[in-house]
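Overview (structure and organization)
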Amino acid sequence: MTQTTAYSMDAFIDDVKDIFANISDPKAQAEAVADHLKDLLAVPGWLEERLDLPEEGGYGRMDLHLEEDSGHPGPGWLLMCSVQRPGQDNLPHDHGAAWVVYGVYDGAIEQTKWRWFFPGEGVKEASIKETGRFTQRDGSVAYFLPGEIHNTRNVIGTEGRSLVVRLESQKLDRITRYQYNPLDNSMRVMDR
Ligand SMILES: [Fe+2]
């Protein structure tokens, strides 16, 4: 890369391929991908070039790149974008044996982390409880390792959308994973 060439999504994809080729530890993979995603998020305009986004709305998810030759725990890592509506949230969930990197291109999302607490830790029965939260704004990245539980909420305001870029170390519809309800401590397998 020369000094005059801005980082690009294609260069990011090559970097992620190199990471999977050269690093086997999933935490080290996630850290390295997060570092590169931070660089990509700092480049203005690249996401709009890839998406046909209306001025407002355009909510939903779009795949940006599926790579079948590498991934963790199996092949098929995915780069995607979700355009989140005001207040959009979800229930706590894990990503099975995969790790994920979340980056905010534009907007703000609150990340909440959870874990199970068991008798002896101040609960009478196994309970899913919050362990912390933080907010990601423009250019911010965060990763979640295999088994970690979190949920996201768009906190940009009552009118704004958040553009969130996510890299799944293996396309999540290929992964067995769970969603948790803190109100009754129930869990269910997430739909493929
Ligand atoms: Fe997630």
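Residues numbered from 1 in each chain as written. Predicted model: local features only at pLDDT ≥ 70, side-chain atom pairs only at ≥ 80, totals over all residues.

1. A closer look at helix 1 (residues 9-22)
The end-to-end C-alpha separation of helix 1 is 20 Å, in line with the 20 Å expected for 14 residues at 1.5 Å each. For helix 1, the full list of buried residues reads Phe12, Val16 and Ile19. Each buried residue of helix 1 lies within a common arc of 55° when the element is viewed along its axis, so the set occupies one face. More than 90 degrees from the buried face of helix 1, the exposed residues found are Asp10, Asp14, Ala21 and Asn22. Along its buried surface, helix 1 packs onto helix 2 (26-41) and strand 2 (77-84). (Helix = DSSP H or I, 4+ residues; strand = E, 2+ residues; numbered from the N terminus. Expected span 1.5 Å × (residues − 1). Buried ≥ 20, exposed ≤ 12 C-beta atoms within 10 Å, placed from the backbone. Arc of directions from axis to C-beta. Contact = placed C-beta atoms within 7 Å.)

2. Thoughts on the packing of helix 1 against helix 2
Look at helix 1 against helix 2: their axes get within 10 Å of each other, and the N-to-C directions meet at 170°. Between helix 1 and helix 2, the angle is such that the two are roughly antiparallel. On the side of helix 1, the interface is formed by Met9, Phe12, Asp15, Val16, Ile19 and Phe20, while helix 2 contributes Gln29, Ala32, Val33, His36 and Leu40. Residue classes in the contact of helix 1 with helix 2 are distributed as eight nonpolar, two polar and one charged. (Axes fitted to C-alpha atoms, helices over the stretch in contact; angles between N-to-C directions. Parallel < 35°, antiparallel > 145°, perpendicular 65-115°, else oblique. Nonpolar A, V, L, I, M, F, W, Y, C, P; charged D, E, K, R; others polar.)

3. Remarks on the sheet that holds strand 4 (residues 108-117)
In any sheet, the strands associate via hydrogen bonds between backbone groups, in a parallel or an antiparallel arrangement. Taken in spatial order, the three strands line up as 5-4-7 in an open sheet, and their pairing is antiparallel. A single partner strand is all that each edge strand has here, and the edge strands are strand 5 (127-137) and strand 7 (149-154). Adjacent strand axes in the sheet meet at a mean angle of 25° when their direction is disregarded. Pairing geometry for strand 4 and strand 7, over six bridges, is antiparallel. When the bridges of strand 7 are listed, Thr112 appears paired with Asn151. (Pairing = 2+ DSSP bridges.)

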